[in-house]
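What the coordinates show
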Amino acid sequence: MSSFPVYSFDNAIVRQPPASVTHGLRAEDRGAPTHDGVNAEHRLYIEALQSAGVAVEVLPALEEFPDCLFVEDPALVFPEGAILLRPGAQSRFGETAAIEPILRRRFGKVLSLPGPGFADGGDVLVTPGKVMIGLSDRTTREGAQALIGVLAELGRIGVIVTTPPGVLHFKSDCSLLDEQTMLSTARLAASGVFEGLRVLLTPDGEEGAANALRVNERVFVGADFPRTAAMLEAEGYSVVRLPTSQIAKIDAGLSCMSLRWHS
Ligand code: CIR
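The paragraphs below set out a description of the structure included in this document. Not measured: the values here are computed from a predicted model.

Description of the nonpolar core
Counting residues in each nonpolar core, the largest one holds 24 residues, and the members touching the most others are Tyr45, Leu49, Val54, Phe70, Val215, Phe220 and Met257. In terms of residue count, the dominant contributor to this core is helix α1 (residues 35–51) (5 residues). Judged by nonpolar contacts, the second largest core, of 17 residues, contains Leu113, Val131, Leu135 and Ala146.

In structure tokens form, the structure reads like this:
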């Protein structure tokens, strides 16, 4: 297994937002994002990755898949290899086949999640000792169990955890800040899932900030969450505020727009 911290990345893959992103999946309709608005957030996200020291490969948009910019969901990547997943939303099934040739070009080992279960990358949190797999509307128990088997082939230990009801993905409610520290909503931390780790809770009303992203020495935080950003700065983290109000309309945050790894 890699000796780099799990938040240490020198490579990332992202995908341009398609014009059809205005039809992206959402649990609750709070109005559609605009293509220009999503593009602007996506551009700043790429720049933030680059200035954190990451080489970014930008894939072309896929019009037939409105959610295709959320490349984190159809695959997992590790220094040891990649895993092709089976996303739990029907409109996203084809995204796996679309990303497969890119991963085969970039990784020596590419494994596939066997069916019939489903697993979304948004439900998978990589920590130093284990890979947490959250059950959700997108990740079934069968899918999670199959993923544990595939992770073992890469020398990783997978454990099944639960996602709070009504929350899209496990990582919608948490992110890793460093090897010992999690950022989490109170509702997720209450399940005891992070026992043994230091947990910083998102302030009331800023639950959406939990989907932050640690990249090398930086922590990306949604710009709409000033109290969380201030709390993390007070804890000594180097915070980068990124706008996410457009992608939030289709239930997305900061982790889902890239696949990241250390080569
Ligand atoms: C979806 O519902 O699949 C997209 N609209 C949002 C996916 C966000 N992905 C993530 O948080 N990993």
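Quick notes on the sheet that holds strand β12 (residues 213–215)
Ordered in space as β12-β13-β14, the 3 strands form an open sheet in which the pairing is mixed. The open sheet is flanked by β12 and β14 (238–242), the only strands paired with a single partner. With strand direction ignored, the average angle separating the axes of adjacent strands in the sheet is 30 degrees. In this sheet, β14 lies alongside strand β13 (residues 218–222) in parallel orientation, the contact comprising 5 bridges. Counted as the bridge partner of Gly222 is Leu242 from β14. Across the sheet, helix α5 (residues 226–234) touches β13 and β14, and the angle it forms with β14 is around 165 degrees.

A closer look at the side chain of Glu72
Inspection of the secondary structure puts Glu72 in the loop between β2 (55–59) and β3 (75–78). A polar side-chain atom of Glu72 sits 3.1 Å from a polar atom in the side chain of Ser255. Among the polar contacts made by the side chain of Glu72, one reaches the side chain of Arg260 at a distance of 3.4 Å.

Here's the deal with the pattern of salt bridges
Scanning the model with the defined rule gives 16 salt bridges in all. In this structure, the salt-bridge partner of Arg30 is Asp251, at a minimum N-O distance of 3.1 Å. With Arg30 in the loop between β1 (11–15) and α1 and Asp251 in the loop between α6 (245–248) and β15 (259–261), this residue pair connects regions lying 221 residues apart in the sequence. Residue Arg30 is classed as partly exposed on the basis of its relative accessible area of 45%. The exposure class assigned to Asp251 is partly exposed, which follows from its relative accessible area of 25%. Overlapping salt bridges bring together Glu57, Arg105 and Arg106 as one network.

Observations regarding helix α3 (residues 141–153)
The end-to-end C-alpha separation of α3 is 19 Å, in line with the 18 Å expected for 13 residues at 1.5 Å each. Within α3, burial applies to Gly143, Ala144, Ala146, Leu147, Val150 and Leu151. All buried residues of α3 project into a common sector of 160 degrees when viewed along the axis, lining one side. Where α3 is buried, its residues contact β3, β4 (81–84), β5 (110–112), β6 (124–126), β7 (131–135) and β8 (158–162). Once α3 ends, the next one or two residues include Gly155, with phi positive near 80 degrees.

A closer look at unusual backbone geometry
A cis amide bond, omega 10 degrees, links Gly115 with the succeeding residue Pro116. Note on placement: Pro116 falls in the loop between β5 and β6. The phi dihedral of Asn216 is positive, around 55 degrees, even though this residue is not glycine. By the element assignment, Asn216 lies in the loop between β12 and β13. When its relative accessible area of 14% is taken as the criterion, Asn216 is described as buried. Positive phi values are uncommon outside glycine, yet Asp251 reaches one of about 65 degrees.

Brief notes about the site of the ligand
Close contacts around the ligand come from 14 residues, with Leu25, Asp67, Asp73, Arg92 and Ile250 the closest. Interatomic distance of 3.3 Å between a side-chain N/O atom of His169 and an oxygen atom of the ligand. Within the backbone of Ile250, an N or O atom sits 2.8 Å from a nitrogen atom of the ligand. Protein contact buries 98% of the 350 Å² of open area that the ligand shows by itself. Taken together, the residues of the shell around the ligand sort by class into 6 nonpolar, 2 polar and 6 charged.

Reading guide: rules and limits
Residues numbered from 1 in each chain as written. Predicted model: local features only at pLDDT ≥ 70, side-chain atom pairs only at ≥ 80, totals over all residues. Heavy atoms only, no water. Core = buried A, V, L, I, M, F, W, Y, C linked by side-chain atoms within 4.5 Å. Buried < 20%, exposed > 50% of the residue type's maximum accessible area, 1.4 Å probe, protein only. Helix = DSSP H or I, 4+ residues; strand = E, 2+ residues; numbered from the N terminus. Pairing = 2+ DSSP bridges. Axes fitted to C-alpha atoms, helices over the stretch in contact; angles between N-to-C directions. Contact = heavy atoms within 4.5 Å. Polar contact = N/O pair within 3.5 Å; in protein donor to acceptor, adjacent residues only side chain to side chain. Salt bridge = Lys/Arg side-chain N within 4 Å of Asp/Glu carboxyl O. Expected span 1.5 Å × (residues − 1). Arc of directions from axis to C-beta. Near = heavy atom within 4 Å. Areas by Shrake-Rupley, 256 points an atom, 1.4 Å probe, with all protein chains shown as cover. Nonpolar A, V, L, I, M, F, W, Y, C, P; charged D, E, K, R; others polar.

These figures capture arrangement, not role.
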